[in-house]
Amino acid sequence: MISDIQFKNELDILIQNAIREDVGPGDYSSLACIPATANGKAKLLVKEDGIIGGVDFAKMIFEYVDPNLKIETFIEDGTPVKKGDVVFHVSGSSQSILKSERVVLNSMQRMSAIATKTKEYVRLLEGTKTKILDTRKTTPGFRACEKWAVKIGGGENHRFALYDMIMLKDNHNDFAGGITLAVAKTKAFLKENNLDLKIIVEARNLDEIKEILESEGVFRILIDNFNYDDTKKAVALIGDKCQTESSGNINENTIRHYAECGVDYISSGALTHSIYNMDLSLKAI
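Residues numbered from 1 in each chain as written. Predicted model: local features only at pLDDT ≥ 70, side-chain atom pairs only at ≥ 80, totals over all residues. Heavy atoms only, no water.

Here we look at helix α3 (residues 55-65)
Argument step 1. Along α3, the residues that are buried comprise V55, F57, A58, I61, F62 and V65. Buried residues along α3 cover an arc of 155° about the axis, so they all sit on one side.
Argument step 2. Lining the buried residues of α3 we find α1 (4-23), β3 (70-73), β5 (86-93), α4 (94-124) and α5 (143-152). (Buried < 20%, exposed > 50% of the residue type's maximum accessible area, 1.4 Å probe, protein only. Helix = DSSP H or I, 4+ residues; strand = E, 2+ residues; numbered from the N terminus. Arc of directions from axis to C-beta. Contact = heavy atoms within 4.5 Å.)

If you want it as structure tokens, here you go:
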């Protein structure tokens, strides 16, 4: 994963762009009918059961819009919530609260949904050694928050982008002339450019597993779209030579079976690309 400083920078860029997109030259609805001197208070109301996510991010948004806004937090990120719960109060300039409202809600609704789904997957893996990973199948421009939400839900982050880990998938291997050549070229590239990046290599079958194991320096093998029996065979072949990761259309019905095959990780794009926003609202009080 990228450094904490890089991650914070991604969040700052995200907030700046979201406010630019939503507010533009001004919140004319509020400017038209709310005095600049007016102060108010609002509550973040939960309207659906789940895991709350994005509380700390909401604070960042409010801080960016108006550092004078005050937040009183009652429920922290990662906490189970029920319909009717109040997560926080925000008080201060009424115009600032209204300017922040939609970006806060859009972000928290999606982050809470991702945290909720991730927590469900984590629960399904209880009792196994397997951990759940996210993917790059994220909403353009919102990746940092979506990966943050996975962590809030108890999952782990895969690489952030194309630059912080090497992942040689089937197309890379085919274009490079095969797995062995792809790995060799990659190791040479990393050395020439003084880059310290982990290498993951995707395998489509057991023969490719064997070929990958002939190359040194592979951090993890991606066991992609294998059935249960072949996954078990792959794990046995790999042993403790490197880490193992299963992927490919794994869902709530199959995730436990793949974990019981003995893989270290399961990656799932469904954590971020197949969720419905959790229902939250910001109400004046």
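So, the pattern of salt bridges
Argument step 1. Taken as a whole and judged by the stated rule, the model has 11 salt bridges.
Argument step 2. A salt bridge links K131 to E156, with the nearest nitrogen and oxygen atoms 3.4 Å apart. Residue K131 is found in strand β6 (residues 131-133), and its partner E156 is found in the loop between α5 and β7 (166-168); the two are separated by 25 residues along the sequence.
Argument step 3. Look at E156 and you get partly exposed, because its relative accessible area is 25%.
Argument step 4. Ionic pairing is found between E208 and R204, a salt bridge with its closest N-O pair at 3.0 Å.
Argument step 5. On the basis of relative accessibility, which here comes to 12%, the residue E208 falls in the buried class.
Argument step 6. Assessed through its relative accessible area of 36%, R204 is described here as partly exposed.
Argument step 7. Put simply, D174, R204 and E208 are held in one network by salt bridges that share partners. (Salt bridge = Lys/Arg side-chain N within 4 Å of Asp/Glu carboxyl O.)

Some remarks on the sheet that holds strand β1 (residues 39-46)
Argument step 1. The sheet built from four strands is open, its strands ordered β3-β5-β1-β12 with antiparallel pairing. Two strands close off the open sheet at either side, each with one partner strand: β3 and β12 (280-284). On average, each strand axis in the sheet is tilted by 20° relative to the strand beside it, whichever way the strands run.
Argument step 2. Note that β1 and β12 share five bridges and pair antiparallel. Bridge pairing in β12 places A42 opposite A284.
Argument step 3. Across the face of the sheet, α3 comes into contact with β3 and β5 while running at roughly 5° to β5. (Pairing = 2+ DSSP bridges. Axes fitted to C-alpha atoms, helices over the stretch in contact; angles between N-to-C directions.)

Considering the nonpolar core
Note on soluble globular proteins: their nonpolar side chains tend to be buried together.
Argument step 1. Ranked by internal contacts, the top residues of the largest apolar core, which has 79 residues, are I52, F57, F88, M108, I221, I223 and I266.
Argument step 2. With 11 residues, α4 is the largest single contributor of residues to this core. (Core = buried A, V, L, I, M, F, W, Y, C linked by side-chain atoms within 4.5 Å.)

Some words on the environment of W148
Argument step 1. By secondary structure assignment, the location of W148 is in helix α5.
Argument step 2. Separated by 80 residues in sequence, W148 and N68 have C-alpha atoms that sit 26 Å apart.
Argument step 3. Excluding residues that lie within four positions of it along the chain, W148 makes contacts with F7, L11, D56, F57, M60 and M111.

What about the packing of aromatic side chains?
Argument step 1. Counted according to the given criterion, the structure contains five aromatic pairs.
Argument step 2. Considering the side-chain rings of F7 and W148, the 6.4 Å spacing of their centres and the 75° angle between planes classify their relative orientation as edge-to-face. You can see F7 sitting in helix α1 and its partner W148 sitting in helix α5, a full 141 residues away along the chain.
Argument step 3. Plain terms: the ring middles of F57 and W148 are 6.1 Å apart, the flat faces sit at 80° to each other, and that makes the pair edge-to-face. Of the two residues, F57 sits in helix α3 while W148 sits in helix α5, which places them 91 residues apart along the sequence. The pair F57 / W148 is uniform in exposure class, with both members buried.
Argument step 4. By way of ring pairs, the aromatic residues F7, F57, W148 and F160 are connected into one cluster.
Argument step 5. The residue whose ring lies beneath K198 is F219, and the NZ or CZ to ring-centre distance is 5.2 Å. (Phe/Tyr/Trp six-rings, centres within 6.5 Å; stacked < 30°, edge-to-face > 60°. Lys NZ or Arg CZ within 6 Å of the ring centre and 35° of its normal.)

Keep in mind that these numbers describe shape and distance, not what the molecule does.
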